[in-house]
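Okay, here's what each chain looks like letter by letter:
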Amino acid sequence: MKVVKFGGSSLADGQSFQQAIKIITADPERWVIVTSAPGKRHDGDTKVTDLLIEYANQTLRHEDTSSICQTILQRYQAIADYFGVEKSALQPIEDALVNLPNGDYPDKNYLMAAFKAHGERLNARLMAVVLNHLGYKSRFVDPSEAGIIVSGTPNNATVLPITYDNLAKLKINDDERLVFPGFFGFTPTKHIATFSRGGSDITGAILARGLKARVYENFTDVDAIFAANPNVVKNPVPIKRMTYREMRELSYAGFSVFHDEALIPAIEGQIPVNVRNTKNPSAPGTMIVPENGFKIASMVTGVTCAKHFAGLYLHKYLMNKELGFSLQILEILKKYHVSYEHMPSGIDDITIIFDRDQLTDVKVDRICNEIQEKFDPDTLRWIDDYAITMVVGEGMNHQVGVMARIAHAVAKHHLSLTMVNQGASQISIMIGTKGEDADEAVRAIYDEFFNSQEKEND
Ligand code: ASP
């Protein structure tokens with residue numbers, strides 16, 4: 001059995017629904033379907049999830065919501081009309097939408113989560129209606145019925161292990177397809193909580209693990225995951241196969257086709273993930289597979305960069321002899337609820353790298369002041385513009401000269417490196433540059449490993 005998940009752009013209107021249904025019905029193994037909310041139909045369009053966020057905000061501000069509610073309803077109505085579905089079949093969708101403000105929500109965050117979740121909840125209902133209308137027996141399964149139980153905050157939930165016991169007990173009839181909404185589950189107190197944005201991928205992975213799928217097919221709007229961002233590198237090569245951990249490392253620094261949290265259930269269940277294109281279903285896409293038995297095809301699998309980092313550089317003579325130095329720094333960070341990403345160090349200096357998006361300017365100033373006062377370092381420098389480039393490949397493991405090739409490629413472009421870090425797994429090398437140099441560093445490294453003569457010898 002295969003779990004097939006369709007992203008928002010693959011279910012944005014009647015035509016894309018039809019294409020998704022063609023894919024579902026082309027393979028008898030595809031009987032568990034996961035929907036996203038209708039996404040953008042064209043540039044400048046608004047995703048239904050974003051319309052629902054607006055609907056929630058207007059509700060919270062006690063404004064008139066009739067217009068936004070109609071706009072959302074029309075998105076579902078247009079899909080139903082495309083297939084000539086009778087009006088009465090849409091009534092439950094309209095009722096659920098109109099009644100959202102009357103729900104029982106412990107606070108405004110739960111309200112927001114419940115509104116957002118209805119993008120997928122109503123789309124899955126509609127998909128089941130349309131499939132039945134076309135003669136394909138199907139059943140909508142709500143996460144409350146399936147027992148998808150989550151904890152954490154209402155808009156950033158994580159799945160609880162009990163979910164897998166519940167899924168194992170789910171009643172399944174051989175003659176019908178099951179349509180699940182992505183993106184949300186229920187808390188132990190039976191309130192809706194969503195995963196982080198883009199989280200329908202996570203539901204697909206949970207179901208693939210819980211229902212023991214042979215493969216999890218994730219249909220989106222690209223032919224494959226590419227070895228570099230096509231906006232940075234011209235015509236990068238598609239990745240045919242990669243391991244879970246390669247994907248994990250690359251998504252840390254910008255590969256966003258597949259939600260990084262969705263990898264975890266897939267890894268736990270050792271379910272291969274196949275990222276494919278709804279508009280070009282004959283393309284094989286990218287397989288993300290277990291490390292065990294993986295056949296290495298090239299030294300480097302992908303190169304990517306992320307520019308949302310910042311660094312704190314500290315220099316103090318004899319830092320290496322000072323007992324508890326880094327411990328005390330970490331205590332200051334903990335006090336401000338700040339986690340660090342990396343901490344490369346030398347004899348007398350250390351750089352602490354942060355995710356800049358998690359820090360306000362006020363927090364940065366306070367942390368710097370406190371470190372200055374407590375340690376009186378010879379140098380304290382805040383580097384607000386810090387980018388990390390990741391070079392990832394199972395083929396790099398135990399290879400001689402990988403770092404030399406990276407350094408040589410970057411040096412040819414006169415880019416200076418602020419940090420080099422090789423993960424213990426030896427399948428990734430991370431380099432730090434100024435934000436403005438990062439794209440060029442990616443191009444230089446990509447050229448070195450994918451376009452140079454040595455490539456043939458990899
Ligand atoms: N509809 C949700 C979002 O836009 C989840 C998803 O599409 O996966 O974030």
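Residues numbered from 1 in each chain as written. Predicted model: local features only at pLDDT ≥ 70, side-chain atom pairs only at ≥ 80, totals over all residues. Heavy atoms only, no water.

Chemist: Explain the overall build of the protein chain here, please?
Modeler: Within the protein chain, the regular secondary structure consists of 14 helices and 17 strands. Each of the three principal axes of the protein chain carries a C-alpha extent, and together these read 75 × 55 × 40 Å. For the protein chain, with 458 residues in total, the buried portion stands at 53%. Considering only contacts within the protein chain whose residues lie at least 6 apart along the sequence, 75% involve residues at least 24 apart. Accessible surface, the protein chain: about 21000 Å² in total, of which carbon and sulfur atoms supply 49%. Charged side chains in the protein chain number 47 positive and 57 negative. The centres of these two groups are separated by 4 Å. (Helix = DSSP H or I, 4+ residues; strand = E, 2+ residues; numbered from the N terminus. Buried < 20%, exposed > 50% of the residue type's maximum accessible area, 1.4 Å probe, protein only. Contact = heavy atoms within 4.5 Å. Areas by Shrake-Rupley, 256 points an atom, 1.4 Å probe, with all protein chains shown as cover. Lys, Arg positive; Asp, Glu negative; His and termini not counted. Charge placed at Lys NZ, Arg CZ, Asp CG, Glu CD.)

Chemist: Honestly, unusual backbone geometry in this entry has me stumped. Any pointers?
Modeler: Phi is mostly negative for residues that are not glycine, and the peptide bonds are mostly trans. Although it is not a glycine, F183 sits at a positive phi angle of roughly 85 degrees. Take F183: it is sitting in the loop between β6 (177-181) and β7 (184-186). What makes F183 buried here is its relative accessible area of 2%. Phi is positive for K190, close to 70 degrees, though the residue is something other than glycine. Note that K190 resides in the loop between β7 and β8 (192-194).

Chemist: Where do I start with the sheet that holds strand β1 (residues 2-6) in this structure?
Modeler: In sheet architecture, strand pairing relies on hydrogen bonds along the backbone and comes in two forms, parallel and antiparallel. In spatial order, the strands read β3-β6-β2-β1-β9-β11-β12-β10; together these eight strands make up an open sheet with mixed pairing. Looking at which strands have only one partner, the edges of the open sheet turn out to be β3 (138-140) and β10 (241-243). Strand-to-strand, the axes of this sheet are offset by a mean angle of 20 degrees, without reference to chain direction. Across five bridges, the pairing between β1 and strand β9 (residues 215-220) is parallel. Each residue of the ladder has a partner; that of K2, found in β9, is V215. (Pairing = 2+ DSSP bridges. Axes fitted to C-alpha atoms, helices over the stretch in contact; angles between N-to-C directions.)

Chemist: What is the right way to read the nonpolar core from this model?
Modeler: If you look at soluble globular proteins, the nonpolar side chains tend to sit buried side by side. Counting 74 residues, the largest nonpolar core has V3, F180, L207, F258, I288 and I406 as the members making the most contacts within it. If one sorts the elements of this core by residue count, helix α14 (residues 438-451) sits on top with seven residues. Not counting residues up to four positions away in its chain, the partners in contact with I406 are V391, I429, I431, I445 and F449. In terms of nonpolar packing, the next biggest core, distinct from the first, is built from 43 residues, A20, A80, A124 and V130 among them. (Core = buried A, V, L, I, M, F, W, Y, C linked by side-chain atoms within 4.5 Å.)

Chemist: Just to check I follow, could you spell out the site of the ligand for this structure?
Modeler: Around the ligand, the surrounding shell consists of S36, A37, K47, T49, E120, F183, R197, G198, G199 and S200. G198 is positioned such that a nitrogen or oxygen atom in its backbone is 2.7 Å from an oxygen atom of the ligand. Take G199: an N or O atom from its main chain is 3.4 Å from an oxygen atom of the ligand. Isolated, the ligand exposes 260 Å² of accessible area, and the fraction of that covered by the protein chains is 92%. Among the residues making up the shell around the ligand, the classes are represented as two nonpolar, five polar and three charged. (Near = heavy atom within 4 Å. Polar contact = N/O pair within 3.5 Å; in protein donor to acceptor, adjacent residues only side chain to side chain. Nonpolar A, V, L, I, M, F, W, Y, C, P; charged D, E, K, R; others polar.)

Chemist: Explain the sheet that holds strand β14 (residues 349-355) to me, please; I cannot follow it from the model alone.
Modeler: If you trace the five strands from one edge of the open sheet to the other, you get β14-β13-β15-β17-β16, paired in antiparallel fashion. One side of each edge strand has no neighbouring strand; the edge strands of this open sheet are β14 and β16 (419-422). This sheet shows a mean twist of 30 degrees between the axes of neighbouring strands, independent of strand direction. In the packing of helix α12 (residues 361-375) onto the sheet, the strands contacted are β13 (302-315) and β15 (379-392), and the crossing angle to β15 comes to about 115 degrees.

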